[in-house]
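Each chain, written out:
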Amino acid sequence: QVRLVESGGGLVQPGGSLTLSCTYSERPVGMKNMGWYRQRPGKERELVASITTRGETDYARFVKGRFTVSRDSAKNAVRLQMSELKSADTAVYYCNVGGFRLAGPYDYWGQGTQVTVSS
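Residues numbered from 1 in each chain as written. Predicted model: local features only at pLDDT ≥ 70, side-chain atom pairs only at ≥ 80, totals over all residues. Heavy atoms only, no water.

Asks: I would appreciate a short explanation of the nonpolar core in the present structure.
Replies: The biggest cluster of nonpolar side chains holds 30 residues, and the ones touching the most others in it are Trp-36, Leu-80, Met-82 and Tyr-93. Where this core is concerned, the elements lending two or more residues are strand 3 (18–24), strand 4 (31–39), strand 5 (46–52), strand 7 (67–72), strand 8 (77–82), strand 9 (91–101), strand 10 (104–109) and strand 11 (113–117). (Core = buried A, V, L, I, M, F, W, Y, C linked by side-chain atoms within 4.5 Å. Buried < 20%, exposed > 50% of the residue type's maximum accessible area, 1.4 Å probe, protein only. Helix = DSSP H or I, 4+ residues; strand = E, 2+ residues; numbered from the N terminus.)

So, in structure tokens, the structure goes:
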């Protein structure tokens, strides 16, 4: 079982910056991408940003230009740099590792880290 551990969440003022980090215990066979999702209060979980094992990135429209996702394959880590934070970015942020095996697709999740944007 692959374990993901997030860190870096906390309280930040509007307009501020925060960096989330995630390390995964091992690189699973067939891993294709890593990403960050978030769940705002009363809302469903949504994709924030993702990066493939080849370094291709994808961002939700609401974070483009403000957030940057990156990976460090040597350290089994993925990072989310967030800037120009808004109160609407308040959410629990989850790290994700996804891929495919013979048995089918898989997803591994971290426990989540709270980000609160408030003055």
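Asks: Looking at this model, I keep getting lost on the pairing of strand 11. Mind explaining?
Replies: Here is the key point about a regular strand: its side chains alternate between the two faces of the sheet. Residue alternation in strand 11 divides its side chains into a buried set, Thr-113, Val-115 and Val-117, and an unburied set, Gln-114 and Thr-116. Where strand 2 (residues 10–12) meets strand 11, three bridges bridge the pair, whose relative direction is parallel. Residue pairing for strand 11: Leu-11 is matched across the bridge by Thr-116. Both strand 9 and strand 11 contribute to a ladder of three bridges, which runs antiparallel. Among the inter-strand pairings, Val-92 is bridged to a residue of strand 11, identified as Gln-114. (Pairing = 2+ DSSP bridges.)

Asks: Hey, could you run me through the state of the cysteines in this one?
Replies: Here a disulfide denotes one covalent bond, and it connects the sulfur atoms of two cysteines. Per the counting criterion, the structure on display carries one disulfide. Residue Cys-22 pairs covalently with Cys-95 via a disulfide, S to S 2.1 Å. Between Cys-22 and Cys-95, the S-S torsion sits near -85 degrees, and that sign places the bridge as left-handed. Placement of the pair is Cys-22 in strand 3 and Cys-95 in strand 9, with a sequence separation of 73 residues. The same class applies to Cys-22 and to Cys-95, which are both buried. (Disulfide = S-S within 2.5 Å.)

Asks: Before we go on, may I ask you to explain the packing of aromatic side chains in this structure?
Replies: Aromatic ring pairs: the centre-centre distance and the angle between the two ring planes describe each pair. According to the stated counting rule, one finds two aromatic pairs in the structure shown. Each ring, one from Tyr-37 and one from Trp-109, has its centre 4.9 Å from the other, and the planes form 70 degrees; the classification is edge-to-face. Residue Tyr-37 is located in strand 4, and its partner Trp-109 is located in strand 10; the two are separated by 72 residues in the primary sequence. With relative accessibility at 22%, the residue Tyr-37 sits in the partly exposed group. The interplanar angle of 50 degrees and the centroid separation of 5.3 Å between the aromatic rings of Tyr-106 and Tyr-108 together place this pair among those described as tilted. Like Tyr-108, Tyr-106 is buried. The residue whose ring lies beneath Arg-45 is Tyr-94, and the NZ or CZ to ring-centre distance is 3.7 Å. (Phe/Tyr/Trp six-rings, centres within 6.5 Å; stacked < 30°, edge-to-face > 60°. Lys NZ or Arg CZ within 6 Å of the ring centre and 35° of its normal.)

Structural measurements only, silent on function.
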